[in-house]
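Take a look at the letters that make up each chain.
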Amino acid sequence: MTCPDVTPDAPVDKQPTIGLIGMGGMGKMYAKYLSAAGWKKINVCDLPEMYDSLTAEYKDTPGIQVLRDGHNVSRTSDFILYSVEAEHINRVVAQYGPSTKVGAVVAGQTSVKAPERVAFEQHLPEDVHIVSCHSLHGPTVLAKDQPLVLIKHRATDEALSLVENILRPLQSRYVYMSYEEHDEVTANTQAVTHAAFLSMGTAWASAASYPWEHGYYVRGIEIVKVNIMLRIFSNKWHVYAGLAILNPSAKTQIKQYAQSTTDIFKLMLAADENGLRNRMYEARDAVPILLSESVLDQFSLGKKGPRANGDRPLANSHLSLLAMVDCWARLGLNPFKHLELAATPIFRMWFGVAEYLFRSEERLDAAIHAALYDMSHRYDDVEFVVASRGWSQCVSFGDFDLYKSRFQETAAFFESRFEEAGRVGSEMLKVIMDSCADPQRAVRVQTEGKPPTSLSGPGDRD
């Protein structure tokens, strides 16, 4: 094995050969960071039909060599990273895994680790190391200080150190987990939030309504809803499909989210104030408030909307937020505890909005009152209930083609605003990062049988 303490400043003959199989958004992101840092032997490949275009794209990029297929990458590389969709990982590893170089370290960038683990254990030779990873952010987000999960599954300490040093140019903070812990944490922090935003987008698209045009979704909490929804639908559908369909915990949560949405809406239709109030207050969670309305107002996509009683905005039922917290309560989950381990800015923001609503009795009571008696959002709420149940059914069927179709139909409706939403969203995320008082630090998840460990700085482990 290559010396685990190697750096990009080492002579070329002392550097590891890095292999990237799959050059989608995340593969290209890793290639960019690794090349810029000075790693000089980076072999990459994608589908055979992409060879010519990839060769042209990287012909002048230092250190990167485009190879024809994963066999060439696997048999020549000391560290191999599979960046392919979770639904395809087994097929791709079965095809190229047997060619893996003796003593190499293999990782996967899939968002759901259960199928990746099965693929690696079944198809990789016994004489290779498995140290998997997962950058918990998209390719358009700066990697610095973002959580990067490292999973030492079948490997020596030296193999883990080599991976840490190879990936150090990303300047991400390492979070050490097992395969099982990864899937639990990602389900608890992302499944319901994805379901909420997918349902919002589908609801607005079904109503043929751009939410910022009539002025109801241009202030405070509403701005977060619109901007994150647009950000999600501007990404690739498979980024979200794998987590939803292949992670059993995520399936359960998405199903409960749709049920919570339906149950709350029934209380709204019945004007059952006591029932709705009791249910929402039972679901409240005591956590610190992250965001303020004034911070959110900086990032509106539209004109300021209708107002009531002077400067107070019209109330909203916030059905998506009520259902999210209710879902966690019904399942006995506390996803907030995972935020310190693996929170991305987007999910910090959405969880912060939930805290912001539920920690204030005035705001929560206003949402409950609006849900029961204010009809201005009722049509949107109807569409939201239908959309949430539709996404839940789609996930329960396990049908990737159906998921892709639903996603792309909604994305097409909002496509004209993706560029602006991306710009505004990036500015918003920067403010969110700046508003976090505590510095982000690497955390090792405590697992059974491991000794206590201390907090470490970015990119370090104890």
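About the cut-offs
Residues numbered from 1 in each chain as written. Predicted model: local features only at pLDDT ≥ 70, side-chain atom pairs only at ≥ 80, totals over all residues. Heavy atoms only, no water. Helix = DSSP H or I, 4+ residues; strand = E, 2+ residues; numbered from the N terminus. Buried < 20%, exposed > 50% of the residue type's maximum accessible area, 1.4 Å probe, protein only. Areas by Shrake-Rupley, 256 points an atom, 1.4 Å probe, with all protein chains shown as cover. Core = buried A, V, L, I, M, F, W, Y, C linked by side-chain atoms within 4.5 Å. Contact = heavy atoms within 4.5 Å. Salt bridge = Lys/Arg side-chain N within 4 Å of Asp/Glu carboxyl O. Phe/Tyr/Trp six-rings, centres within 6.5 Å; stacked < 30°, edge-to-face > 60°. Lys NZ or Arg CZ within 6 Å of the ring centre and 35° of its normal. Expected span 1.5 Å × (residues − 1). Polar contact = N/O pair within 3.5 Å; in protein donor to acceptor, adjacent residues only side chain to side chain. pLDDT = per-residue confidence, 0-100. Arc of directions from axis to C-beta. Pairing = 2+ DSSP bridges. Axes fitted to C-alpha atoms, helices over the stretch in contact; angles between N-to-C directions.

(A) The arrangement of the overall build of the chain in detail. In terms of regular secondary structure, the chain is built from 19 helices and 10 strands. Counting across all 462 residues of the chain, residues that qualify as buried make up 57%. Carbon and sulfur atoms make up 51% of the accessible area of the chain, which totals about 19000 Å².

(B) View of the nonpolar core. In terms of nonpolar packing, the biggest core is built from 73 residues, with Y257, L276, W350, Y403 and F407 touching the most fellow members. When residues in this core are grouped by element, the largest group, 11 residues, is from helix α7 (residues 179-206). In contact with Y403, not counting residues within four places along its chain, are L198, W237, Y240, A241, A244, I245, W391, C394 and V395. Counting residues in hydrophobic clusters, the runner-up holds 37 residues, among them M23, M26, V131 and L162.

(C) Expanded view of unusual backbone geometry. Phi is positive for A208, which is not a glycine, with a value near 55 degrees. Within the secondary structure layout, A208 lies in the loop between α7 and α8 (221-233). For H318, which is not a glycine, the phi torsion comes out positive at approximately 50 degrees. Summarising the element assignment, H318 is placed in the loop between β10 (312-313) and α13 (319-331).

(D) Local environment of the pattern of salt bridges. For the structure on display, the rule yields 12 salt bridges. Between R277 and E273 there is a salt bridge whose closest N-O contact spans 3.1 Å. In this pair, R277 and E273 both sit in helix α11 (residues 273-283), 4 residues apart, roughly one turn of the helix. Overall, the relative accessible area of 23% leaves R277 in the partly exposed class. In this structure, R277 engages D365 in a salt bridge whose closest nitrogen and oxygen atoms are separated by 2.7 Å. Taken together, the positions of R277 in helix α11 and D365 in helix α16 (residues 361-373) put the pair 88 residues apart, joining distant regions of the chain. The exposure class assigned to D365 is partly exposed, which follows from its relative accessible area of 26%. Connected through salt bridges with shared partners, the residues D263, R279, D326 and R330 form a single ionic network.

(E) Structural context of the packing of aromatic side chains. All told, the structure shown has 8 aromatic pairs when counted by the stated rule. For the ring pair Y240 and F407, a centre distance of 6.0 Å and an interplane angle of 20 degrees mean the geometry is stacked. A residue pair is termed long-range when its members are at least 10 positions apart, and Y240 in helix α9 (residues 238-246) and F407 in helix α18 (residues 400-414) qualify at 167 residues. Classification of F407 as buried rests on a relative accessible area of 2%. These aromatic residues form a ring-pair network of at least three members: F233, Y240 and F407. Of note, R363 hangs over the ring of Y356, and the distance from its end group to the ring centre comes to 3.7 Å.

(F) Up close: helix α10 (residues 248-269). With 22 residues, α10 ought to run about 32 Å at 1.5 Å a step, and its terminal C-alpha atoms sit 32 Å apart, in line with that. The backbone nitrogen of S249 lies 3.0 Å from a side-chain oxygen of the residue at the head of α10, namely N247. Looking one or two residues beyond α10, the residue adopting positive phi is A271, at roughly 50 degrees.

(G) Representation of the confidence of the model for the chain in the model. Averaged over the chain, the pLDDT score is 84; the fraction of residues at 70 or greater is 81%. Note that pLDDT drops below 50 for residues 286-313; the model gives that stretch 72 contacts with residues more than four away or on any other chain. For residues 437-462, every residue scores under 50 in pLDDT, and the model assigns this stretch 52 contacts once sequence neighbours within four places are set aside.

(H) Quick peek at helix α4 (residues 89-96). Listed as buried for α4 are I89, V92, V93 and Y96. Taken around the axis of α4, the buried residues stretch over an arc of 95 degrees, which confines them to a single face.

(I) Up close: the sheet that holds strand β8 (residues 173-176). Pairing is mixed across the open sheet formed by 8 strands, whose spatial order is β3-β2-β1-β4-β5-β6-β7-β8. Only two strands of the sheet have a single neighbouring strand rather than two, namely β3 (64-66) and β8. Adjacent strand axes in the sheet meet at a mean angle of 25 degrees when their direction is disregarded. With 4 bridges connecting them, strand β7 (residues 147-154) and β8 associate as parallel partners. Paired with P147 across the strands is R173, a residue of β8. In the packing of helix α5 (residues 113-123) onto the sheet, the strands contacted are β4 (79-82), β5 (105-108), β6 (129-135) and β7, and the crossing angle to β6 comes to about 160 degrees. Sitting on the sheet, helix α6 (residues 157-167) is in contact with β1 (18-21), β4, β5, β6, β7 and β8, with an inclination near 155 degrees to β7.

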